[in-house]
Amino acid sequence: MEFNVVDRPETLVAGMVLRSPALAVEGPRRKKVEEAWKLNLSRALPGPPASAFVDHAPEINSYLTHIIGYRCRSLDDLLPGDVLARIPAGRYARFSLSGENLGETIVTLWRAIWDAEAAGRLVRSYTGDHERYPDEHTVEVFVAMAEDDSAGR
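Since this is a predicted model, take the numbers as computed values, not measurements.

**Focus on the layout of surface pockets**
Empty pockets left among the atoms are what a rolling probe the size of a water molecule brings to light.
Piece 1. Estimated volume of the second largest pocket: approximately 160 Å³.
Piece 2. Lining the second largest pocket we find 12 residues, and of these Ala89, Gly90, Arg91, Met145 and Glu147 sit closest to its centre.
Piece 3. The dominant element in the lining of the second largest pocket, judged by the number of residues it contributes, is strand E6 (residues 90-98), at 3 residues.
Piece 4. For the lining of the second largest pocket, a count of residues per class yields 6 nonpolar, 3 polar and 3 charged.

**Notes on the nonpolar core**
Piece 1. Of all hydrophobic cores here, the largest spans 21 residues; its most connected members are Ala93, Phe95, Trp110, Ile113, Leu122, Val141 and Val143.
Piece 2. Of all elements in the fold, only helix H1 (28-41), strand E4 (64-72), E6, helix H2 (102-118) and strand E8 (138-144) reach the threshold of two or more residues within this core.
Piece 3. In terms of residues, this core owes the most to one element, H2, which gives 6 residues.
Piece 4. Ignoring anything within four residues of it in the chain, the contact list for Trp110 reads Phe53, Arg124, Asp129, Glu131 and Val141.
Piece 5. Counting 11 residues, the second largest nonpolar core, distinct from the first, contains Ala52, Ile67, Ile87 and Ala144.

**Some remarks on the environment of Asp135**
Piece 1. Within the element layout of this structure, Asp135 appears in strand E7 (residues 129-135).
Piece 2. Polar side-chain contacts of Asp135 include one of 2.9 Å to the side chain of Thr138.

Definitions and limits used
- Residues numbered from 1 in each chain as written.
- Predicted model: local features only at pLDDT ≥ 70, side-chain atom pairs only at ≥ 80, totals over all residues.
- Heavy atoms only, no water.
- 1 Å grid on protein atoms, 1.4 Å probe; cavity = no way out; pocket = protein on both sides within 12 Å on 5 of 7 lines; lining within 4 Å.
- Points joined across faces, edges and corners; volume = space filled by probe spheres on them.
- Helix = DSSP H or I, 4+ residues; strand = E, 2+ residues; numbered from the N terminus.
- Nonpolar A, V, L, I, M, F, W, Y, C, P; charged D, E, K, R; others polar.
- Core = buried A, V, L, I, M, F, W, Y, C linked by side-chain atoms within 4.5 Å.
- Buried < 20%, exposed > 50% of the residue type's maximum accessible area, 1.4 Å probe, protein only.
- Contact = heavy atoms within 4.5 Å.
- Polar contact = N/O pair within 3.5 Å; in protein donor to acceptor, adjacent residues only side chain to side chain.

These values are about where atoms sit, not about what they do.
Next up, the structure:
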């Protein structure tokens, strides 16, 4: 799957926290993610739905904090009880895909990201990644790139 490289400003995403294995997108974890999304979307959100992936644990090459929530313009948008993640400005690999089932589309997209990383087409910085949903069938994932990533440029 192709991707393009973009420079992004700082992005604020707030919402509920799931701490989980980085590569677990199926099975019991997926069910927890789907339940969190249902709860999130039942609320009046101050911004468009979004996800953030932060706090990667490189020492075990796995666990991360997954924020399921909404994009914030400022701290004033933060709902009581939600956690705020700051995705730093920087260079990102932008992956995009549309499909009938958004959950399956997200899984397919992340597998493509992991494949690109494994093939050396992308060197990730793990400083924070961000999912955006332009419509009910489309997901865009912005994956933070390492400063010295010559593969993605």
